[in-house]
Amino acid sequence: MKFDASDLPAFHWVLFELTIFILVEEFMFYYSHRLFHSPQLYKRFHKKHHEWTAPIGIISIYAHPLEHLISNMLPILMGPLIFGSHLGTAWLWITMAILSTIVSHCGYHLPLLPSPEAHDFHHLKFTNNFGVLGVLDRLHGTDENFRASKAYQRHIMLFGFIPLSQQIPDDSKHLKEKSQ
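All values reported here derive from a predicted model rather than from experimental measurement.

Turning next to unusual backbone geometry. Negative phi values dominate among residues other than glycine, just as trans dominates among peptide bonds. We note that Leu-112 has phi near 65°; this positive angle belongs to a residue other than glycine. Along the chain, the position of Leu-112 falls in the loop between helix H4 (87-105) and helix H5 (117-125). A residue is classified by how much of its surface remains accessible, and Leu-112, at 57% relative accessible area, is exposed. For Asn-129, which is not a glycine, the phi torsion comes out positive at approximately 60°. Along the chain, the position of Asn-129 falls in the loop between H5 and helix H6 (135-140).

This is the structure we're talking about:
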């Protein structure tokens with residue numbers, strides 16, 4: 001079996017599919033995640049994931065099997081399945097989605113990577129930031145407490161090596177440091 005580059009999709013088509021995949025994931029993850037926060041489902045399914053209030057990478061998949069299938073796997077897989085995407089595009093997307101999930105649960109705001117502040121806030125407060133991108137959180141107002149917090153001010157791409165928690169400290173931490 002020989003590799004033939006003509007079998008690969010065009011670059012612009014891959015970008016188009018990735019854009020749609022991101023939107024599909026946002027829609028499916030937001031609503032399924034918010035559903036798992038309902039009182040009827042939270043204790044039985046989602047509470048396991050929230051045992052960690054300060055997330056670390058591995059807990060991104062620490063979930064009840066049903067929740068893992070519905071909230072973690074289906075939102076990522078639906079786009080490539082609907083489009084019948086090329087295997088290379090599907091693997092690119094799945095890799096990007098998994099890395100994004102790990103970064104959002106890693107607990108560190110690393111340079112040149114997406115900010116984990118929104119998801120860290122979700123694990124701290126439980127009632128805010130249900131989505132991946134935050135688009136549906138803004139639409140439904142489930143990011144209001146987050147937007148009023150210092151964490152929201154730190155929710156930017158870090159380009160330096162000075163932690164944003166030092167550049168934009170929480171008020172209580174900042175006051176304690178000044179008094180010492």
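Moving on, we get to helix H1 (residues 11-36). For H1, built from 26 residues, the straight-helix expectation of 38 Å at 1.5 Å per residue is met to within 8% by its first-to-last C-alpha distance of 37 Å. Looking only at H1, the buried set comprises Val-14, Glu-17, Leu-18, Phe-21, Val-24, Glu-25, Glu-26, Phe-29, Tyr-30, Ser-32, His-33 and Phe-36. On its buried face, H1 sits against helix H2 (39-46), helix H3 (65-83), H4, H5 and H6.

This part takes up the side chain of Asn-129. Asn-129 gets classed as buried once you look at its relative accessible area, which sits at 4%. At 2.9 Å, the side chain of Asn-129 and the backbone oxygen of Ala-118 are in polar contact. Those residues within four positions of Asn-129 in sequence are excluded, and the remaining contacts are His-33, Ala-118, Phe-121, His-122, Asp-137, Thr-142, Asp-143 and Phe-146.

Tracing the chain through its elements places Gly-131 in the loop between H5 and H6. Once residues lying within four places of it in the same chain are set aside, the contact partners of Gly-131 are Glu-26, Phe-29, Tyr-30 and Asp-137.

Where H1 meets H2, the axes come as close as 6 Å, and the angle between the chain directions of the two elements is 90°. Between H1 and H2, the crossing angle belongs to the class labelled roughly perpendicular. Contact residues: His-33, Leu-35 and Phe-36 in H1; Leu-41, Tyr-42, Phe-45 and His-46 in H2. For the contact of H1 with H2, the residue count by class is five nonpolar, two polar and no charged.

Here we come to the packing of aromatic side chains. Following the criterion strictly, the structure yields 12 aromatic pairs and no others. Judged by centre distance (5.3 Å) and plane angle (55°), the ring pair of Phe-121 and Phe-146 falls under tilted. Within this pair, whereas Phe-121 is found in helix H5, its partner Phe-146 is found in helix H7 (residues 144-147), the two being separated by 25 residues in sequence. Residue classification places Phe-121 among the buried positions, given a relative accessible area of 8%. Taking relative accessible area as the criterion, Phe-146 reaches 3% and is therefore assigned buried. A network of ring pairs unites the aromatic residues Trp-13, Phe-16, Phe-21, Phe-83 and Trp-93 as a single cluster.

Residues spaced three or four apart along an α-helix point in a common direction, a consequence of the helix completing one turn every 3.6 residues. In terms of burial, H5 is a largely internal element, seven of the nine residues being buried. Among all positions of H5, only Glu-117, Ala-118, His-119, Asp-120, Phe-121, His-122 and His-123 are buried. Contacts from the buried residues of H5 go to H1, H2, H4, H7 and helix H8 (150-153). With its phi angle positive at about 70°, Phe-126 sits one or two positions after the end of H5.

As a further point, take the side chain of His-119. Along the chain, His-119 turns up in helix H5. Residues within four places of His-119 in sequence aside, it is in contact with His-33, His-49, Ser-104 and His-105.

Conventions we followed
- Residues numbered from 1 in each chain as written.
- Predicted model: local features only at pLDDT ≥ 70, side-chain atom pairs only at ≥ 80, totals over all residues.
- Heavy atoms only, no water.
- Helix = DSSP H or I, 4+ residues; strand = E, 2+ residues; numbered from the N terminus.
- Buried < 20%, exposed > 50% of the residue type's maximum accessible area, 1.4 Å probe, protein only.
- Expected span 1.5 Å × (residues − 1).
- Contact = heavy atoms within 4.5 Å.
- Polar contact = N/O pair within 3.5 Å; in protein donor to acceptor, adjacent residues only side chain to side chain.
- Axes fitted to C-alpha atoms, helices over the stretch in contact; angles between N-to-C directions.
- Parallel < 35°, antiparallel > 145°, perpendicular 65-115°, else oblique.
- Nonpolar A, V, L, I, M, F, W, Y, C, P; charged D, E, K, R; others polar.
- Phe/Tyr/Trp six-rings, centres within 6.5 Å; stacked < 30°, edge-to-face > 60°.

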